[in-house]
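Spelled out from the first residue to the last, the chains are:
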Amino acid sequence: MSSAISRQDILGMVRGRRPGYSLEAPFYTSRDVFELDLEAVFGRHWIFVGSEPEVPEPGDYVTVDLGRWSVIVLRDDDENVRAFHNVCRHRGSRLLAAQSGSTGNLVCPYHSWTYDTGGRLVHAESVGPGFEAGCFSLKPVHLKSISGLLFICLADEPPEDIDEVAAVVEPYLDPHGLRECKVARQIDIVEDGNWKLVMENNRECYHCGGHPELGFSLFPTIGYAEEDIGPSRRAAYDRFKRIDAEMTAIWERGGLPWRQVLRLAGRPTGFLVERTPLDRDGESITADTRVASQRLLGDFTSPRLGRQGLHLQPNSWHHFLSDHVVTFAVLPLEPGRTLLRTTWLVHKDAVEGVDYDPEKLVSVWRTTNAQDAAFVAGAHKGVSNPAYEPGPFSPTESWVEHFCAWYLERLDAHLGGQP
Ligand code: FES
Ligand SMILES: [Fe+2]
């Protein structure tokens, strides 16, 4: 474990970082940096916490813990999704302990103060004369739904660029009809690495040789420029070029946006959206590249639509397919421990065992996540070793550089006191 680091020291490391190189060890291992990450990144940006189908009915909720914060995301009686701090307005007790569930009113387990699903205090016994219940509503947390993906922001004044992100990405996502989906499976794993190592690992395919199951459908050239294709990827790249031209014509005919929009750094809410082809039968990210659910999403009539990808800083990535959606939320637990929550969603009318086989649905990513968890654990061990020094990114790791640049910009803005 590293010794204490002042904020001034951290700012010095932020400003002294060598671009194009991995970060200095304390960014991954120091508890002081971790606490700063929770404050400056997770406390001030739009954080992906789940999707609307996770709270399909009024009273359905999920709770999300971010450092010392705990947030309730629930659907109110008017069917709007809202977020509240999971803190009773009496003496502060945590209101909801479960990770998910369904409730009528929210009743505090301590002295039974009772709130409706809009957060209003509707019952409190023996409170004395002059008590004004209207002054003790649950504290709201900013919430934004983008095509059914749910983001919260703990800051008083959230980054306003989320509206621009929504305007750009919703035309890509809406055809998949996420709001008309249901959760088929959700799997949490805890990775033995810093949350940034989990994100960095997601942002490159330099290591995709370690993912034979994923590589059957997903081209291992994601993020590669043509001139960076090495011999091990040449055949796949040639196939990619041919299928990409074919799929682009299909997307154009179907009115599906496909052009890459890459704004991963230089703004609070960095994002990347693109539609890409899939290999072989090209239908879905499954072991045989065919759909896992026969009930296609939205108004799709053809299963062969490739993959609609979305990456968001700081903590998520998503694949929208013709038959299912898979979302990934990265939630920091400790400097060296990170929760990865993977959720597979299918059309709400799809019947398990009839229209879809859950094992086929989850198998590729369950396997791939385990492989990535091993890479992340190895990376965390390595950066914790006194012999570690930052190493150069490959040109194919440009999205990792974007992530690191974004992260350092955000710390700089926070520590430097800029807006
Ligand atoms: S702390 Fe919630 S009712 Fe007392
Ligand atoms: Fe991976």
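Parameters at a glance
- Residues numbered from 1 in each chain as written.
- Chains lettered and ligands numbered in written order.
- Predicted model: local features only at pLDDT ≥ 70, side-chain atom pairs only at ≥ 80, totals over all residues.
- Heavy atoms only, no water.
- UniProt positions renumbered as here; feature names shortened; annotations may be inferred.
- Donors = N, O, S within 2.8 Å, 3.2 Å for Na, K, Ca; no water.
- Tetrahedral: all angles 85-135°; square planar, octahedral: opposite > 155°, others 65-115°.
- Pairing = 2+ DSSP bridges.
- Helix = DSSP H or I, 4+ residues; strand = E, 2+ residues; numbered from the N terminus.
- Axes fitted to C-alpha atoms, helices over the stretch in contact; angles between N-to-C directions.
- Contact = heavy atoms within 4.5 Å.
- Core = buried A, V, L, I, M, F, W, Y, C linked by side-chain atoms within 4.5 Å.
- Buried < 20%, exposed > 50% of the residue type's maximum accessible area, 1.4 Å probe, protein only.
- Domains from an automatic or database assignment.
- Patch = residues over 30% accessible without salt bridge, like charges linked within 9 Å, V, L, I, M, F, W, Y side chains within 5 Å.
- Areas by Shrake-Rupley, 256 points an atom, 1.4 Å probe, with all protein chains shown as cover.
- Salt bridge = Lys/Arg side-chain N within 4 Å of Asp/Glu carboxyl O.
- Lys, Arg positive; Asp, Glu negative; His and termini not counted.
- Charge placed at Lys NZ, Arg CZ, Asp CG, Glu CD.

Looking at an unreviewed UniProt entry, the protein carries the name Aromatic ring-hydroxylating dioxygenase subunit alpha, with the source organism given as Actinacidiphila oryziradicis. According to the UniProt record, the Cofactor (unreviewed entry) comment for the protein reads "Fe cation".

Things to note about the coordination of the iron ion (ligand 2)
Every protein donor of the iron ion (ligand 2) is listed here as His-207 (NE2), His-211 (NE2), Asp-372 (OD) and Asp-372 (OD), and their distances to the metal cover 2.0 to 2.7 Å. Around the iron ion (ligand 2), the four donor atoms sit at angles spanning 53 to 148°, and that spread fits a shape best called irregular.

Section: the sheet that holds strand 2 (residues 60–66)
One open sheet holds the four strands; their spatial order is 4-3-2-5, and the pairing between them is antiparallel. Both edges of this open sheet fall to strand 4 (81–85) and strand 5 (100–102), since each of them pairs with a single strand only. Between one strand and the next, the sheet's axes are offset by a mean angle of 25°, whatever the strand orientation. Pairing of strand 2 with strand 5 involves three bridges; the strand directions are antiparallel.

Observations regarding the sheet that holds strand 12 (residues 261–263)
As summarised here, the arrangement of the seven strands in space is 11-17-16-15-14-13-12, forming an open sheet in which the pairing is antiparallel. Of all the strands in the sheet, the pair left with one neighbour each is strand 11 (181–191) and strand 12. Across the sheet, the mean angle from the axis of one strand to that of its neighbour is 15°, orientation sign disregarded. As paired elements, strand 11 and strand 17 (residues 337–347) share ten bridges and run antiparallel to each other. Counterpart to Lys-182 in the pairing with strand 17 is Val-346. This element, helix 4 (residues 162–173), spans strand 12, strand 13 (271–276), strand 14 (307–312) and strand 15 (316–320) of the sheet and lies at about 15° to strand 13.

Let's talk about the nonpolar core
Counting 109 residues, the largest nonpolar core has Phe-27, Val-73, Ile-152, Val-169, Trp-195, Tyr-407 and Leu-411 as the members making the most contacts within it. Broken down by element, the residue count for this core peaks at eight residues, all from helix 8 (residues 398–415). Both domains that furnish three or more residues to this core are identified here as domain 1 (47–145) and domain 2 (161–408). Aside from chain neighbours lying at most four places away, what touches Tyr-407 is Leu-23, Phe-27, Val-33, Asp-37, Val-41, Trp-195 and Lys-196. By size, the runner-up hydrophobic cluster in this structure holds 14 residues, among which are Tyr-61, Trp-113, Leu-121 and Leu-138.

A few points about a negative patch on the surface
Together, Glu-57, Asp-77, Asp-78 and Glu-79 make up a region of like negative charge exposed at the surface. Inspection of the secondary structure assignment puts Glu-79 in the loop between strand 3 (69–75) and strand 4. Residue Glu-79 is classed as partly exposed on the basis of its relative accessible area of 48%.

Let's talk about the UniProt feature "domain: Rieske" (unreviewed entry) in the protein
Feature annotation in UniProt places "domain: Rieske" (unreviewed entry) on residues 46–152, given in this structure's numbering. The distance separating the terminal C-alpha atoms of residues 46–152 is 5 Å; by composition the span is 0% helix and 40% strand.

Notes on the pairing of strand 3
Counting buried residues along strand 3, six of its seven residues qualify, which places the element largely inside the surrounding structure. Note: strand 2 against strand 3, six bridges, orientation antiparallel. By the bridge assignment, Tyr-61 is partnered in strand 3 with Leu-74. What sits between strand 2 and strand 3 in their antiparallel hairpin is a turn of two residues, with Gly-67 showing a positive phi close to 60°. Note that strand 3 and strand 4 share five bridges and pair antiparallel. Considered in strand 4, the bridge of Leu-74 is made with Arg-82. Here strand 3 folds back onto strand 4 in antiparallel fashion, the turn holding five residues, of which Glu-79 has a positive phi close to 75°.

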